[in-house]
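Each chain, letter by letter, is given below.
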Amino acid sequence: MAVVSNGTTIIDAGALGSGVATGKMILIKTLTASGSGTLSFVDGADSVVLDDTYDSYVFKIINAHPGTDDVNFTFNFSIDGGSNYNVTKTTTVVNAYHKEDNSEAAVAYNTYDDLAQSTAYQSLSSFGQMGIDNDQSLCSIIHLYNPSSTVFVKHFIATSQFYQAEDRSNNVFTSGYGNTTSAVNAVQFKMNSGNIDSGVIKLYGIGG
Amino acid sequence: MAIISNAVTIADAGAFSVNLGSMVHIKTLTASSSSTLSFVHGSSSVVLNSTYPIYKFQFINLHCGSTEADFQVLYTTDGSNFNATQTSTFFGAYHAESGAYSGLSYYSANDVAQGSTAGLGDSQSSNNDASLSGELTLFNPSSTTFVKHWIATTSLDEVNAANSNYTAGYVNTTSAVTGIRFKFDNSNIDAGKIKLYGIKDS
């Protein structure tokens, strides 16, 4: 039974009608790590949408915890449906950090984790120094713009915060582009060494 | 009475049972060799008033007509003159595709001190595959008590280099801001989209 008001379909077939104003940040998929080597979002697999349905996508990483000490949390793009995660990237990385004993605090460009036309995985943490203590983890928000474009390179902007092994708060600003005009249709996350012990990654589409 | 459709409870007890979300799309402008793109409250279905406490603008693949274009923002308090006074900061990180240079710098050419035009992106390339993407968040534009803070982050390609720009500032007025304009300093916005969202319950 449809609910129609003043000529507008409000509800039909178990869903709100297109005329009803709704939020435009749509949760697509949640992946939960449990000693996972990788976590991958592949368009068309397991209900994942990563195509021209949305102009931009947001990944939220919640408390990614490594299984090995002194590692980086990383990601890469694929243009072949997840067969190969090896898109060429040029990126920038800026770190602001502050040690718990107040002995260090600074902001600086990070040449250790940036990429110049590299197919390597991009780090969201830095200096290979994610901590393995029980209360240590990384949280991050990544905006990926128009991954399905076949005209433009694929820009992304990420802001991350992690608890460094040497007891620092580390705020990481990572940005750049996948230097390809092929559509990016998959994104994979992993530690650069060892597993993702626990944590959640959520993928949203930004509609409208 | 609950409203149940196809075995899904849509509304019950005077409220929607489904999550309607808090990010509401208001307007999309698509550039086509456009000299400016402007959102003005009350015009062309644009809402930019006290309806939402926070507004978010998304920039999707803005392509400029001339190289080394600076992307900029201006505000209006009267819906027609985009000359509201701003003070802003601008810093960026850059990295050449060749790896030949990289760094972090404050960009004094793109900030503004009690002027009308603030930079959002520095030195955009006009190569076919080059563009600017990012977002700007505008806080409480309808306030008649406070200045109007905004925060923006953009990623763009210079010629064969990544350039990540972090900029923020305030419109130094206690009048309500009712419109916003985006442009490149030296060329049209050849292509791309700017999308305006209101953030509910924020």
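Throughout this description, residue numbers start from 1 for each chain and increase along the sequence as written. Chains and ligands are labelled sequentially in the order written, the chains with letters from A and the ligands with numbers from 1. Selection of residues for local features in this predicted model requires a pLDDT of at least 70, selection of side-chain atom pairs for listing and counting requires 80 or more, and totals for whole chains, interfaces and linings are taken over all residues. As a rule here, side-chain values come from all non-hydrogen atoms in the structure, and water together with hydrogens is ignored.

Enquirer: So what about the overall build of chain B? Which residues, and what values?
Expert: The secondary structure listing takes helices from DSSP runs of H or I that are at least 4 residues long and strands from runs of E that are at least 2 residues long, numbered from the N terminus. For chain B, the count of helices and strands is 0 helices and 16 strands. Note on classification: 1.4 Å probe, protein chains only; a residue is buried when its accessible area is under 20% of the maximum for its type, exposed when over 50%, partly exposed between these limits. Within the span of chain B, comprising 202 residues, buried residues form 50% of the whole. Residue contacts are defined here by distance: any two heavy atoms, one from each residue, within 4.5 Å place the two residues in contact. Of all intrachain contacts in chain B linking residues separated by at least 6 positions in sequence, the fraction that spans at least 24 positions is 73%. Method for areas: the Shrake-Rupley scheme with a 1.4 Å probe, in which residue coverage is limited to the protein chains shown. With the model as given, the accessible surface of chain B reaches about 8000 Å², and the carbon-plus-sulfur share is 47%. Within chain B, one finds 8 positive and 14 negative side-chain charges whose respective centroids are separated by 13 Å. Residues scored as charged are limited to Lys and Arg (positive) and Asp and Glu (negative), so that His and the chain ends carry no count. For this purpose, a charge sits on NZ of Lys, CZ of Arg, CG of Asp or CD of Glu.

Enquirer: Describe the interface of chain B and chain A, listing the residues and the values that go with them.
Expert: Each side of the interface is counted separately: chain B has 49 residues, and chain A has 46 residues. Here the quantity called buried area is the accessible surface, traced with a 1.4 Å probe, that two parts lose on coming together, added over both. When the two sides are added together, the surface that chain B and chain A hide from each other amounts to roughly 3500 Å², 63% of it contributed by carbon and sulfur. A side-chain nitrogen of Lys or Arg and a carboxyl oxygen of Asp or Glu constitute a salt bridge if their distance falls within 4 Å. Our count for the chain B to chain A interface comes out at 2 salt bridges. Salt-bridge contacts for Lys193(B) lead to Asp55(A); the nearest nitrogen and oxygen are separated by 3.2 Å. Polar contact is defined as a pair of N or O atoms within 3.5 Å, subject to the rule that within protein one atom must be able to donate a hydrogen and the other to accept it, and that residues adjacent in sequence are counted only when both atoms are side-chain atoms. Summed over the shared surface of chain B and chain A, the result is 21 residue pairs in polar contact (both at pLDDT 80 or more). In terms of residue class, the side of chain B that touches chain A is made up of 20 nonpolar, 23 polar and 6 charged. Residue polarity follows a fixed list, in which Ala, Val, Leu, Ile, Met, Phe, Trp, Tyr, Cys and Pro are nonpolar, Asp, Glu, Lys and Arg are charged, and the others, Gly among them, are polar.

Enquirer: Kindly report on the pairing of strand 6 (residues 54-64) of chain B, identifying the contributing residues and their values.
Expert: Residue and element names in this part refer to chain B. With 11 of its 11 residues buried, strand 6 lies for the most part within the structure. Strand direction decides the pairing type here: strand 6 and strand 12 (residues 132-139), joined by 7 bridges, are antiparallel. What sits directly across from Ile54, in strand 12, is Phe139. Here, any two strands with at least 2 DSSP bridges between them count as paired. Strand direction decides the pairing type here: strand 6 and strand 16 (residues 189-199), joined by 9 bridges, are antiparallel.

Enquirer: Please set out the sheet that holds strand 5 (residues 37-40) of chain B residue by residue, giving values where relevant.
Expert: Residues and elements named next belong to chain B. Strand order in the open sheet formed by 4 strands is 5-15-7-11, with antiparallel pairing between adjacent strands. The strands lining the two open edges of the sheet, one partner per strand, are strand 5 and strand 11 (118-124). Neighbour-to-neighbour, the strand axes of this sheet turn through a mean angle of 10 degrees, independent of strand direction. Strand direction decides the pairing type here: strand 7 (residues 69-76) and strand 11, joined by 4 bridges, are antiparallel. Following the sheet pairing, Gln72 is matched in strand 11 by Gly119. Between N-to-C directions, angles cover 0 to 180 degrees, with each direction set by a line fitted to C-alpha atoms, over the stretch in contact for helices.

Enquirer: Give a detailed account of the pattern of salt bridges, specifying residues and quantitative values.
Expert: On inspection of all chains with the given rule, the structure shows 5 salt bridges over all chains. The partner of Arg168(A) in a salt bridge is Glu166(A), with the nearest N and O atoms 2.8 Å apart. Within the structure, one salt-bridge network assembled from shared partners comprises Asp55(A), Lys193(B) and Lys195(B).

Enquirer: An account of the environment of Ser149(A) is needed here, citing residue identities and associated values.
Expert: Among the structural elements, Ser149(A) can be located in the loop between strand 11 (138-145) and strand 12 (154-164). When its relative accessible area of 8% is taken as the criterion, Ser149(A) is described as buried. Placed 41 residues apart in sequence, Ser149(A) and Lys190(A) show a C-alpha to C-alpha distance of 25 Å. In contact with Ser149(A), other than residues within four places in its own chain, are Lys154(A), Thr181(A), Ser182(A), Ala183(A) and Asn61(B).

Enquirer: So, unusual backbone geometry: which residues are in play, and what are the values?
Expert: The residue Asp70(A) is not glycine, and still its phi comes out positive at about 60 degrees. Among the secondary structure elements, Asp70(A) is positioned in the loop between strand 6 (56-66) and strand 7 (73-78). Classification of Asp70(A) by relative accessible area gives partly exposed; the value is 44%. Phi angles above zero are rare outside glycine, and Asn140(B) is one such case at about 45 degrees. Take Asn140(B): it is sitting in the loop between strand 12 and strand 13 (148-158). Assessed through its relative accessible area of 34%, Asn140(B) is described here as partly exposed.

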